[in-house]
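Chains, contacts and geometry: an overview
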Amino acid sequence: MAGASPLLLLSFLLLVSMAVADQCHDDDHAALVAIDTAMGSPYHFASWTPDSACCDWYDVDCDADTGRVIGLRVYQDTNMSGAIPDAIGNLTFLETLTLHHLPAISGAIPDSLATLSNLSELTISYTGVSGPVPSFLGMLTALTLLDLSYNSLTGAIPPSLADLLSLSSINLRRNSLSGAIPSLLLSKSPDGAYLQLSHNNLSGAIPTEFAAVNFSYVDLSRNALSGDATSLFGAEKAIQHLDVSRNALNFDLSAVEFPEQLTYADLSHNAIHGSIPAQVATLAGLQQFNVSFNRLCGAVPTGGNMSRFDRYSYLHNKCLCGTPLTACRQRPVGYLH
């Protein structure tokens, strides 16, 4: 195109780019057809027809420059059934895989997903998927987000997840996982890590190594965790949401420093003892605070934001007193401790 004007050259390049994106690579096309076949050609994939390029198919995202399939996002279909197809592993350029709210999908997470070396986000949630959380996920070095919530997964959380340098968000809530939390989980993550492990059967201690992780969001509620949780606390921590309720945690709250950015704190239904630190009253952003059903004593802090919290935040403790609970008893003159 020697001598062509810049406008014509730009138009040509745009047409070439659009043509590439519309081509649909043969390998990706074959993989998607195999996925459709394995699922029994559900109505959800009605747009997956031979007379159109696979980059135009519903649920499929392609790279604008290469035309390779980089995203497969299948949502909200209660009729789609069967196992997760092995053929997904043939979409070798896949960066995002989302299988969400497909309750009739069952079976284990297939080993073929181990080939998806470019995968950055993996979501398999609200399905009937069972079996273990695969240890091969530790091979997916590009992974930044892992969401396997609301399934029927069993067994332990694989320690191999701690090898992922870019992983910053893990959501395994609402499964039947057991055993201990791997000590180095998210220890290599970037700032602002999210960890959601609630509603499982996890046991043992909260890793002391969590003291070095810069969490933004932690939910370990409704497990069987025991011992100390102070590794999650500290005035300089970035945690905004902290929920360790309904476990068997047992530690002294008296000397704990709460994160300054905290907006939500639920420590209820444990065996936590000591007193509530006065510092809690200074946390301007704290909107939810619950320490009920523990073994706390002493006066509830006053002033600051404490008027936001009613008696239900403090019920069923050993000897908490003061507003909004009953008044603390005055010690008689001359009382010796």
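Under an unreviewed UniProt entry, the name given to the protein is Leucine-rich repeat-containing N-terminal plant-type domain-containing protein, and the source organism is Aegilops tauschii subsp. strangulata. Listed in UniProt under the heading Subcellular location (unreviewed entry), the comment for the protein reads: "Cell envelope". Within the UniProt record for the protein, the comment given under Sequence similarities (unreviewed entry) is "Belongs to the polygalacturonase-inhibiting protein family."

1. Overview of unusual backbone geometry
Geometrically, the link from T323 to P324 is a cis peptide bond, its omega value of 10° lying close to zero. Note that P324 resides in the segment after β20 (319–321). The phi torsion at R174 lies on the positive side, around 60°, for a residue other than glycine. Of the residues examined, R174 reaches a relative accessible area of 38% and is grouped as partly exposed. Of note in this structure, F293 is not a glycine but carries a positive phi near 55°.

2. Some thoughts on the pattern of salt bridges
In the structure shown here, the tally under the stated rule is three salt bridges. R73 is the salt-bridge partner of D61, the closest N and O atoms lying 2.7 Å from each other. You can see D61 sitting in strand β1 (residues 60–62) and its partner R73 sitting in strand β2 (residues 69–75), a full twelve residues away along the chain. For R73, a relative accessible area of 31% translates into the label partly exposed.

3. Notes on the packing of aromatic side chains
Within a pair of aromatic rings, the relevant descriptors are the distance that separates the centres and the angle that separates the planes. Using the criterion set out here, one finds ten aromatic pairs in the structure. Here F210 and F215 contribute two aromatic rings whose centre-to-centre distance is 5.2 Å and whose plane-to-plane angle is 75°, an arrangement assigned as edge-to-face. Residue F215 is classed as buried on the basis of its relative accessible area of 2%. By way of ring pairs, the aromatic residues F233, F251, F258, F289, F309 and Y314 are connected into one cluster. Above the face of the Y312 ring, R311 is positioned so that its terminal group lies 5.7 Å from the ring centre.

4. A word on the sheet that holds strand β19 (residues 295–299)
Strand order in the open sheet formed by three strands is β17-β19-β20, and the pairing between neighbours is parallel. The strands lining the two open edges of the sheet, one partner per strand, are β17 (273–274) and β20. Two elements, β19 and β20, share three bridges in a ladder whose sense is parallel. Considered in β20, the bridge of A299 is made with C321.

5. Here we look at the pairing of strand β10 (residues 193–196)
Pairing of strand β8 (residues 169–171) with β10, which is carried by three bridges, proceeds in the parallel orientation. Within β10, the position partnered with N171 by the bridge is Q196. Note that β10 and strand β12 (residues 215–219) share four bridges and pair parallel. Bridge pairing in β12 links Q196 to D219.

6. Some points on the UniProt feature "domain: Leucine-rich repeat-containing N-terminal plant-type" (unreviewed entry) in the protein
The positions that UniProt labels "domain: Leucine-rich repeat-containing N-terminal plant-type" (unreviewed entry) are, in the present scheme, residues 25–63. The annotated region residues 25–63 carries 33% helix and 8% strand content, and the separation between its end C-alpha atoms amounts to 11 Å.

7. Considering the environment of V256
Considering the arrangement of structural elements, one finds V256 in the loop between β15 (248–249) and β16 (264–266). According to the relative accessible area criterion, V256 is buried, its value standing at 8%. Along the backbone, V256 and H101 are 155 residues apart, and their C-alpha atoms lie at a distance of 40 Å. Every residue in contact with V256, bar those within four places of it in the chain, is listed here: T230, F233, F251, P277 and Q279.

8. Regarding empty space enclosed by the protein
Per the stated rule, a full pass over the model turns up one cavity of 30 Å³ or more. Reported here for the largest cavity is a volume of approximately 100 Å³. Contributing to the lining of the largest cavity are I35, M39, F45, L72, V74, M80, I84, P85, I88, L99, L102 and I105. Within the residue set of the lining of the largest cavity, elements represented by two or more residues are β2 and β4 (96–107). It is β4 that provides the largest number of residues to the lining of the largest cavity, a total of three residues. Classifying every residue of the lining of the largest cavity gives twelve nonpolar, no polar and no charged.

Scoring rules and cut-offs
Here the residue numbering is sequential within each chain, running from 1 through the sequence in written order. The predicted nature of this model means local features are confined to residues of pLDDT at least 70 and side-chain atom pairs, given and counted, to a pLDDT of 80 or more, with totals for whole chains, interfaces and linings taken over all residues. To get the side-chain values, take all heavy atoms of the structure and skip hydrogens and water. UniProt positions are given in the numbering used here, feature names are shortened, and annotations may be inferred rather than shown by experiment. Secondary structure is summarised from DSSP: a helix means a run of H or I of at least four residues, a strand means a run of E of at least two, and numbering begins at the N terminus for each. Each residue gets one of three labels from its accessible area relative to the maximum for its type: buried under 20%, exposed over 50%, partly exposed in between, using a 1.4 Å probe on protein chains only. Each salt bridge in this description consists of a side-chain nitrogen of Lys or Arg and a carboxyl oxygen of Asp or Glu lying within 4 Å of one another. Each Phe, Tyr or Trp ring (for Trp, its six-membered ring) is paired with any other whose centre lies within 6.5 Å, and the angle between the two planes then decides the class: stacked below 30 degrees, edge-to-face above 60, tilted in between. Placement of a positive charge over a ring is assigned whenever Lys NZ or Arg CZ falls within 6 Å of the ring centre and within 35 degrees of the normal to the ring plane. Paired strands, in this sense, are two strands between which DSSP finds at least two bridges. In what follows, residue pairs with any heavy atoms lying within 4.5 Å of each other are defined as contacts. Buried and open spaces are told apart on a 1 Å grid over the protein atoms alone, a cavity being a set of points where a 1.4 Å probe fits but cannot get out and a pocket being an open set with protein on both sides within 12 Å along at least five of seven lines. Residues with an atom within 4 Å of a point are the lining residues. Grid points are joined across faces, edges and corners, and a volume is the space filled by probe spheres set on the points. Residues are grouped as follows: Ala, Val, Leu, Ile, Met, Phe, Trp, Tyr, Cys and Pro are nonpolar; Asp, Glu, Lys and Arg are charged; every other residue, Gly included, is polar.

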